[in-house]
Structure formats: C-alpha cells, structure tokens
Amino acid sequence: MNTITPAQYLPEKPARRHFRTEKFDFASLFFSGLTGLATLFILGLLAVILLNILINGWSGLSWHFVSTIPKKDFFDVKTTGVLPMIVGTTIRVFVMTIFVLPVGVITAIYLTEYAPNTSIVTRIIRAAVNNLAGVPSIVFGLFGLGFFINFVGKNLDVLLHNSDAVWGQPALIWASLTLAVMTMPVVIVATEESLKAIPPGLREASLALGATKLETILKIVLPQALPGIMTGGILAVSRAAGEVAPILFTGVAYYMASLPHHVTDPFMDLGYHVFVLSTQSPNIEQTRPILYATVLVLLMLTFALNIVAIVIRARVRKKLRALG
Amino acid sequence: MGIQRGHNARPLEWLAEKFIFLVSLSAILMVFLIFMFVAREALPIFLEQTDTALVQKVISPDEMDKLSPAKLQQYLELTPQQFASMDKDTLKSLMEVKQEALDEIPANFRNDPDARVNTTDWRYLLQPHQWSGYDKPEFIWQPVGEIQKYNIIPLLVGTLKVTLIGLFFAVPLAVGAAIYVSQLARPNVRELVKPTIELLSGIPSVVVGFFALLVMATVLQKIFGYQTRLNAFVAGIALGFAVIPVIFSIAEDALTSVPRSYTQAALALGASRWQTAWQIVLPAALPGVFAATVLGFGRAIGETMIVLMVCSASVMSWSIFDSARSITTTIAAEMAEAVSGGPHYQILFMLGALLFAATFVSNMIGEVVINRFKLKLEGKR
C-alpha cells in the first residue's frame, strides 16, 4: 500500500496570487492614496469651477440684470439684462415637462407593473430607452429640424393653408418637443426606480381587498411613487435647462425684442446666450462681468433643481435599501 | 361581476392596459423616427443623387425629347412633385434658363478641372484629392466658396483626437475615484462624495465649455507652453471633465455590485483593503468598468458645445496641440448657413446619421456587456 507523502498532496508551487502579511504594506498605501487623490482631484476641479463662477459672477448679479429686456446690443455692460433668456428657458422647459411626464410615467408603469419581464417586446423597449439616453444631443437637434419642423410643421402649414411659414420654422414648441424626446429616458428611469421601491405587499393588499389592477395603480402605487416621479421630472428639467445643442436649429433666437407670445415664436435662451457671449463678444475683457453673471444665473437654475432631485432620490433609495 | 373572463369582464381595465402598452412603445417609435428622419435628409448623398459639379454638360433645349423623364428631372434639379406638375413648355423654358446660367459661368471656372467634379461623390468624401492650386493630394473640408470641398476625414480625425484625449484624461481619474469611493472610503465619506461627483453631471456642457475657454485654456498654456491657446488638448481635457461623472457612476455601480462575500473572503485571508480592491473586486467588475468606458466614449463623441466653444478650425493633423473640428461641432456651426435641402445640408445630416450609428453601436456594446456582467454575478450568488 502506498502512503501519500506531503510532496504529493501539497502543490509544488505556491499559488501565484498570495497575500503578503507584512505589517506595513507600502504598495497598498501608495495605490489607495492614488485613488484617493483622483477623487480629491475631481472634487477639487468641481470646487474650482463653482467658486470661480460664484466669485466672478456675484458682483455682476443685480435685480436690474435679471429683470431687464436688453436692447439689440446686449454686449453693453450697463444696460444689458437676461430677463428674456430666463423666461425663454423656463417656458421651453415647462412646455417640455407637459409632454414628457405623461409619456415617461406611463412607459415606466408599463415596464414595472404590466410588462412580462422576459418578453422580447419588453427587452426592445428597454433597449430603446437606453439608446435614447445615449443619442448625442446634436442628433436630437437634427431630428427636431428634420421631423418636427420640416415634416410636421411644413405639413401643418399646408393643412392650415398658411401662406407664410407659421409652424414650419424654428419655434418654442418644436424646441420643447425635441427636448421632451431627449429627456424621456430620465423620467422613465427615475419613475421606474420609485415604482420598484414600493413594497409588493401594498399592491397585494389592495388586490386582495377587491381593487382592480388599474385601481391599485392609480390609488395605491402612484401616490406612493409621487416623490420619485417628481425627481424624474426635476432631473429632466435640469438636464434640459442647460442643453443648447438640441435647440440650436429648432427654436433659439440670437435676439428677440420682446418675450415670446405664442408657441410658434422663437425664443432667447440662457445657455445659448452664454455661448454667444463667450464666443461672439467684440471685447471679451469688457463683457466678462455679464458673461459670468449669466453663467451664474444658469448654474443657479440647474443646480437648485439638481440638489432637490438628489435629496428626494436619496430618500427613495434608502427606502429601497430598507426593503432589502 | 359574473363569470366572464378576459376583456369582457372589465373592458375599462382591458382598454387601459392596451393604452399603457401603446404609450410605452413610444420609446421604440422615437428611436426609429430619429434614425429615419436624420437619414431621410441625407438620402440623396447615400444614393449619390446630389451633383455639385459647377460646370455640367449643357443640353440644348431642342434635344429635350431625347432625354428620359428621369434624366430630365435630374438635369433640371426638380423634385418629382415639381416635375409632375409642370407641362412641356415650362420645362422647355426652364431648360433655356439652365442653359443661360451655365453659359454665364466665369471662364476661370470653365477651365478648372475641379469645377467639373461632383464633390459629394464618396470618392471625394473619403479620399484625398489634389485640388487645383495644391501641390499634393489633400484632405480638405471647406464647405464655402464656389467649389465646395467636403472631405470628412479631417472631421473624423478631429473627433477621434478630442474624444481620445478626453478619455485618457477621464478614465483613470473616474475609475480611480470609483475604486476609492466604493471600496476604500469610509461609509460617511462615501455618502458625501458620491452625490457630489454626480452633481458634476448637472453642470451644463455650455458652462464647461465657457470655463475651458476663459480659464482652463490660459492655465494649461502656462503649464505646457504650447503655441495656440485654443487647441484639441484643451477641448479634450474639458470633454473629459464632462465625461467623468458618466464613467464614475457606472463604474462605481459595477464595483459596488460585486458580492460582499468576495471582499469578506479576501479580507479574512489577510489581504489588505487595496489588495482586495485591486485583485478581487476590480477583476470581478472589469466588464462593468469596460462598459463604463464604452458609454463614456459614446457620450464624449456626441458632446457638442464644449468642442464648439474651445476649438473649431478644421485642420488635418494628428498633433494634439493643433486645432480640431469634431463632427458635432461641424453640424452645430454650419447648419445655420447651409441652404435647406442643398448638398451642404445633406452632408451635415449624413454626418449626423454617422454619429447616431456610432453612438448606437457603442451604447449597444455597453448595454450587452453590463447585462452579461449582472447575470453572471447573479448566477454566482
């Protein structure tokens, strides 16, 4: 009978990956430090950008600045204002919300409450939503021009027998619709997340008491999911408020003497105004204060919205985690 | 309620469900419409129907009957609807107008071989060509002037250059930060840092562009001491800045979703926190990190405003300290000048379709890799 020697049952070489047991591991410390530095660097850059804008922009900010409709020459530091840009950005984002919220929320309801998880259609819808999120914003601009203005708008003009182009030209409504298509994934994903956070027990209890599926969704699930839906809406609004590329060809105007009156009017926009001020200024040193002040207004608008959304989302996530 | 089943029992429920289903199809519809309508405007380029040649063969109006209707329509540059609505006399007078217009072309163009060339032909879009006045074949994008040159290679190179610089800058930083935040940081630090970095994605790209233009360009020039203040390098760094939050949040998600048992086992065997993160968690999460990079690439290639504001001259050069013009920039800057329906307009839409295809593919790859990764982790759990 053979006896097994230690040489036979022990591997000849030690495993390649073995962990050192020295008390002081220099490499570990070095590399952890490096990742920490990367984190710090990103945070530092963020802080530099925000502080730079805040410090330089604060002095240019005044009530006069945010409440004045500028003359044709808006590069003049003394008389300029950003009221039409604030109004334009706000209205386009508001009109967008009207379109995107219902469609986004209903899609999310289908995906969480109705959709059979394994079916091909569900997977295609999910893939489409993910793809929509990744389409470059300038392509949305082209789409807005090719579809909304050149196809829908021009055909509307023909149908309504307009002699001049009323709908078939860049307009507030087309910019808003383009943005609505762009922000659809944001609303869908946020709503889905909040719908998933609702305990299934609630739905089961409602169904057990004799409520139908639709009643359960409308009266039990949706009220519970409201904060999450709001987050989605706010995130979409803050994303859309800062986007310039999709509205370049679909509705933004370089200069308008008055505020937009109708959805077929073009409009002025904060983000586009930042672009104009920083690239087409006759004297960048002189217009620097109004440029910084405009950027600050834009940032305050988008950041305030973002922070509200992040706070609500953190609560929803905590709820989700508590459920396991 | 009786014993009825299906949609007879509760017609309202049934209707509502169908309605919800139909609305949810809108995402698919939108992707489809985007592709269709961007490609539609560019269709004449793909079908090679557009002809930009300045000097064309003059066909005398007397020979009108010899031409086939399709040929005639193309010669007169009419749409099928316009062509159908015209009678023979109108067509004949149009041919006379065309003949006069062609006769009035200045003599210097008549002898220029470039004026006989259709610059929207794929050969001229992709290959270098020796234009008159140049001493060797070159790639030129120059959509203004009498002879418009539409070589898209400088734009592709510009896009790639800026995107790659951005990724070289963003990927190490974002992945490093993701490792730190998900594996090494204390929970309370993590709770604070994660939303802060995600706040970065809330900065509009036009603001990043503005910052790069006014502040970063000057600072970077002082550090590196290159000639032109605004170049692909500055644009790339600024672009990287916009991509960091995308890569960070996906990579962080992937690293966090590695089961805790992996980490605990490694730590129990005496590995340090760094060894666990580098040798256990990162390899397990590698597909997720890869997907984050691919999705970051998709985001970077489609970013418009930053590159538009920082640099925009279309130079055919691989040097990172030269200017560069990306595809997105070209579309944004030139669409306003392009005549609706003209060759320039069509080419810009063609570039948009290319861009859409590129991001579509990179999104698909990222999506598939992430899904497989998640399935694998769930299977092992």
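Residues numbered from 1 in each chain as written. Chains lettered and ligands numbered in written order. Predicted model: local features only at pLDDT ≥ 70, side-chain atom pairs only at ≥ 80, totals over all residues.

Helix and strand content of chain A: 11 helices and zero strands. Secondary structure elements in chain A, listed N-terminal to C-terminal, are α-α-α-α-α-α-α-α-α-α-α. Over its C-alpha trace chain A gives a radius of gyration of 27 Å, far above what one expects of a compact globule, namely 20 Å for 324 residues. Over its C-alpha atoms, taken along the principal directions, chain A stretches across nearly 105 × 60 × 35 Å. Residues counted as buried form 44% of the 324 residues belonging to chain A. (Helix = DSSP H or I, 4+ residues; strand = E, 2+ residues; numbered from the N terminus. Rg over C-alpha atoms; globule rule 2.2 N^0.38 Å. Buried ≥ 20, exposed ≤ 12 C-beta atoms within 10 Å, placed from the backbone.)

Of regular secondary structure, chain B possesses 16 helices and two strands. Taking all 381 residues of chain B together, the buried fraction comes to 41%. For chain B, the proportion of contacts with a sequence separation of at least 24, taken over those separated by at least 6, is 75%. (Contact = placed C-beta atoms within 7 Å.)

Residues and elements named next belong to chain B. For helix 10 (residues 205-224), with 20 residues, the first-to-last C-alpha span of 24 Å runs short of the 28 Å given by 1.5 Å per residue. The sharpest bend along helix 10 reaches about 45° and sits at Met216. Taken together, the buried positions of helix 10 are Ser205, Val206, Val207, Val208, Gly209, Phe210, Phe211, Ala212, Leu213, Met216 and Ala217. (Expected span 1.5 Å × (residues − 1). Bend = angle between axes of the 7 residues up to and from the residue.)

Let us now look at the interface of chain B and chain A. Counting residues at the interface gives 73 residues for chain B, matched by 69 residues for chain A. When its residues are assigned to classes, the side of chain B that touches chain A shows 50 nonpolar, 16 polar and seven charged. (Nonpolar A, V, L, I, M, F, W, Y, C, P; charged D, E, K, R; others polar.)

The predicted coordinates of low-pLDDT regions are not to be read in fine detail. A residue-level look at chain B finds 86% of positions with pLDDT of 70 or above and a mean pLDDT of 82. Of all secondary-structure elements in chain B, the lowest mean pLDDT belongs to helix 6 (residues 107-110) of chain B, at 66, while helix 8 (residues 153-184) of chain B reaches the highest, 92. (pLDDT = per-residue confidence, 0-100.)

Once that is clear, we can look at the environment of Leu291 of chain A. Residue and element names in this part refer to chain A. If you trace the backbone, Leu291 turns up in helix 11 (residues 284-323). Sequence separation between Leu291 and Ser32 is 259 residues; the distance between their C-alpha atoms is 40 Å. Ignoring any residue separated from it by four or fewer positions in sequence, one finds Leu291 in contact with Leu277 and Ser278.

Let's shift gears to the packing of helix 8 (residues 200-208) of chain A against helix 9 (residues 213-242) of chain A. Residues and elements named next belong to chain A. Contact pair helix 8 / helix 9: the axes reach a minimum separation of 10 Å and the direction vectors enclose 155°. Relative to helix 9, helix 8 is oriented roughly antiparallel. Considering only the axes of helix 8 and helix 9, their crossing is right-handed. Between helix 8 and helix 9, the residues in contact are Leu202, Arg203, Ser206 and Leu207 and Thr216, Ile220, Val221 and Gln224, respectively. For the contact of helix 8 with helix 9, the residue count by class is four nonpolar, three polar and one charged. (Axes fitted to C-alpha atoms, helices over the stretch in contact; angles between N-to-C directions. Parallel < 35°, antiparallel > 145°, perpendicular 65-115°, else oblique. Left-handed = near helix turned anticlockwise from the far one by under 90°.)

Here we take up helix 8 of chain B. Residues and elements named next belong to chain B. The end-to-end C-alpha distance of helix 8, which contains 32 residues, comes to 45 Å, matching closely the 46 Å that a straight helix rising 1.5 Å per residue would cover. Along helix 8, the sharpest change in direction is near 30° and occurs at Ala170; proline Pro172 comes one to four residues later. Burial analysis of helix 8 places 25 of its 32 residues in the buried class, the great majority of the element.

Below, the discussion takes up the domain arrangement of chain A. Residues and elements named next belong to chain A. If you check the domain split of chain A, you get domain 1 (27-58) and domain 2 (63-323). Measuring from the centre of the C-alpha atoms in domain 1 to the corresponding centre in domain 2 gives 30 Å. Domain 1 puts five residues into the contact, and the matching count from domain 2 is five residues. Residues belonging to the side of domain 1 that touches domain 2 are distributed by class as follows: three nonpolar, two polar and no charged. (Domains from an automatic or database assignment.)

Here we come to the packing of helix 10 of chain B against helix 11 (residues 232-256) of chain B. Residues and elements named next belong to chain B. Contact geometry for helix 10 and helix 11: axes closest at 9 Å, N-to-C directions at 135°. Taken as axis vectors, helix 10 and helix 11 run oblique relative to one another. In the packing of helix 10 onto helix 11, the handedness of the crossing is right-handed. Contacts between helix 10 and helix 11 pair Ser205, Val208, Gly209, Ala212, Met216, Ala217 and Leu220 from the former with Phe233, Val234, Ile237, Ala238, Phe241 and Ala242 from the latter. Looking at the contact of helix 10 with helix 11, its residues break down into 11 nonpolar, two polar and no charged.

Before going further, it helps to examine the environment of Ala178 of chain B. Residue and element names in this part refer to chain B. Within the secondary structure, Ala178 is located in helix 8. Remark: the alpha-carbon pair of Ala178 and Ile250, spanning 72 residues in sequence, is separated by 8.8 Å. If sequence neighbours within four positions are ignored, Ala178 has contacts with Phe248, Ala251, Glu252 and Leu255.

Here we take up the environment of Thr294 of chain A. All names here are of chain A. In this fold, Thr294 is placed in helix 11. When the 31 C-beta atoms within 10 Å are taken as the criterion, Thr294 is described as buried. Spatially, the C-alpha atom of Thr294 lies 23 Å from that of Asp265, the residues being 29 residues apart in sequence. Filtering out sequence-adjacent residues up to four positions away, Thr294 remains in contact with Val82, Leu270, His273, Val274 and Leu277.

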